[in-house]
Amino acid sequence: GHIRNFDSLIKELNIDESVLNVEYKFAYTSGGGFAHSSQCSPEYRAQVTDNLRKAVEMAEKSGCIVATECHPNTLTDCLTSHQQLLADVPGLYTYWQPFYDLTKEENLAYIHALGNKIVNVHIFNRDDNNGRTPLADGAEKWRAYIPALQANTQAQSIGLEFVMGDTDEQYFTDCETFHALMKG
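Residues numbered from 1 in each chain as written. Predicted model: local features only at pLDDT ≥ 70, side-chain atom pairs only at ≥ 80, totals over all residues. Heavy atoms only, no water.

A.B. asks: Describe helix 4 (residues 104-114), naming the residues involved and giving the relevant values.
C.D. replies: Within the span of helix 4, buried status applies to Asn107, Leu108, Tyr110, Ile111 and Leu114. Projection of helix 4 onto a plane perpendicular to its axis shows the buried side chains occupying an angular sector of 155 degrees, all on one side. In this fold, the buried residues of helix 4 make contact with helix 3 (79-88), strand 5 (92-96), strand 6 (118-123) and helix 5 (139-152). The positive-phi residue at the C-terminal boundary of helix 4 is Gly115, with phi of around 45 degrees. (Buried < 20%, exposed > 50% of the residue type's maximum accessible area, 1.4 Å probe, protein only. Helix = DSSP H or I, 4+ residues; strand = E, 2+ residues; numbered from the N terminus. Arc of directions from axis to C-beta. Contact = heavy atoms within 4.5 Å.)

Here it is in structure tokens:
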């Protein structure tokens, strides 16, 4: 099926109280491909929502949280769908990362709209074609995103992700950029 029963998945993964934060990734699959949230059936959305409610309930008993991720081709791929999911599942949180196809202003609006539901952030830069680029190329946008995240969210961490070329050299260059951005 498109989504496995969450109870059996938890048993299979043998998740225990040592887990502090569970990131729940999901995507609607149709013939092996991914589809935009607007293409998900009401039945699929209800199944995901039910599974997330169960996950949040289990996590809360152990002092953990469950967070989705802002991600294309999932139920978090647009602000309206993401907000609906968070409203339908009390106690659910999210990771934020910029959408390459949104403007800086639209990404800032996303941050403000999700507010204290954001608990972690992925920092990277992509070009207009979704290609990885040096973080320094996106520094101007991140100079706006970081203060907005600090002021409006409860983000616990910001993690570097998607390094251009997956090279050590670029990783360390991006780390220097990241450090400079965090210093302000």
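There is more to say after this.
A.B. asks: An account of helix 2 (residues 42-61) is needed here, citing residue identities and associated values.
C.D. replies: Compared with an ideal rise of 1.5 Å per residue, which puts 20 residues at 28 Å, helix 2 spans 29 Å between its outermost C-alpha atoms and is within 8% of the ideal. Turning to helix 2, its buried residues number three or more, namely Tyr44, Arg45, Val48, Thr49, Asn51, Leu52, Ala55, Val56 and Ala59. The arc that holds the buried residues of helix 2, viewed along the axis, is 165 degrees, so those residues lie on one side. Opposite the buried face of helix 2, at more than 90 degrees from it, the exposed residues are Pro42, Glu43 and Lys61. One or two positions beyond helix 2, positive phi appears at Gly63, with a value near 75 degrees. (Expected span 1.5 Å × (residues − 1).)

A.B. asks: Outline the pattern of salt bridges, supporting the account with residue identities and numerical values.
C.D. replies: Going through the model one piece at a time under the given rule, you end up with four salt bridges. With a shortest N-O distance of 2.5 Å, Lys104 and Glu140 are connected by a salt bridge. Of this pair, Lys104 sits in helix 4 while Glu140 sits in helix 5; the two residues are 36 residues apart in sequence, bridging distant segments of the chain. By relative accessible area, which is 21% here, Lys104 ends up partly exposed. Given the relative accessible area of 47%, Glu140 is considered partly exposed. In this structure, Asp166 and Arg132 form a salt bridge, with 2.6 Å as the shortest nitrogen-oxygen distance. Remark: Arg132 occurs in the loop between strand 6 and helix 5 and Asp166 occurs in the loop between strand 7 (157-160) and helix 6 (168-183); sequence separation between them is 34 residues. On the basis of relative accessible area, Arg132 is assigned to the partly exposed category, the value being 30%. (Salt bridge = Lys/Arg side-chain N within 4 Å of Asp/Glu carboxyl O.)

A.B. asks: Describe the packing of helix 2 against helix 3, listing the residues and the values that go with them.
C.D. replies: If you want to describe how two helices pack, look at the angle between their axes and the distance between the axes. With their axes 10 Å apart at the nearest point, helix 2 and helix 3 run at an angle of 45 degrees to one another. Between helix 2 and helix 3, the crossing angle belongs to the class labelled oblique. The crossing of helix 2 and helix 3 is right-handed. Judged by residue contacts, Arg45, Thr49, Leu52 and Arg53 of helix 2 engage Ser81, Gln84, Leu85 and Asp88 from helix 3. In terms of residue class, the contact of helix 2 with helix 3 is made up of two nonpolar, three polar and three charged. (Axes fitted to C-alpha atoms, helices over the stretch in contact; angles between N-to-C directions. Parallel < 35°, antiparallel > 145°, perpendicular 65-115°, else oblique. Left-handed = near helix turned anticlockwise from the far one by under 90°. Nonpolar A, V, L, I, M, F, W, Y, C, P; charged D, E, K, R; others polar.)

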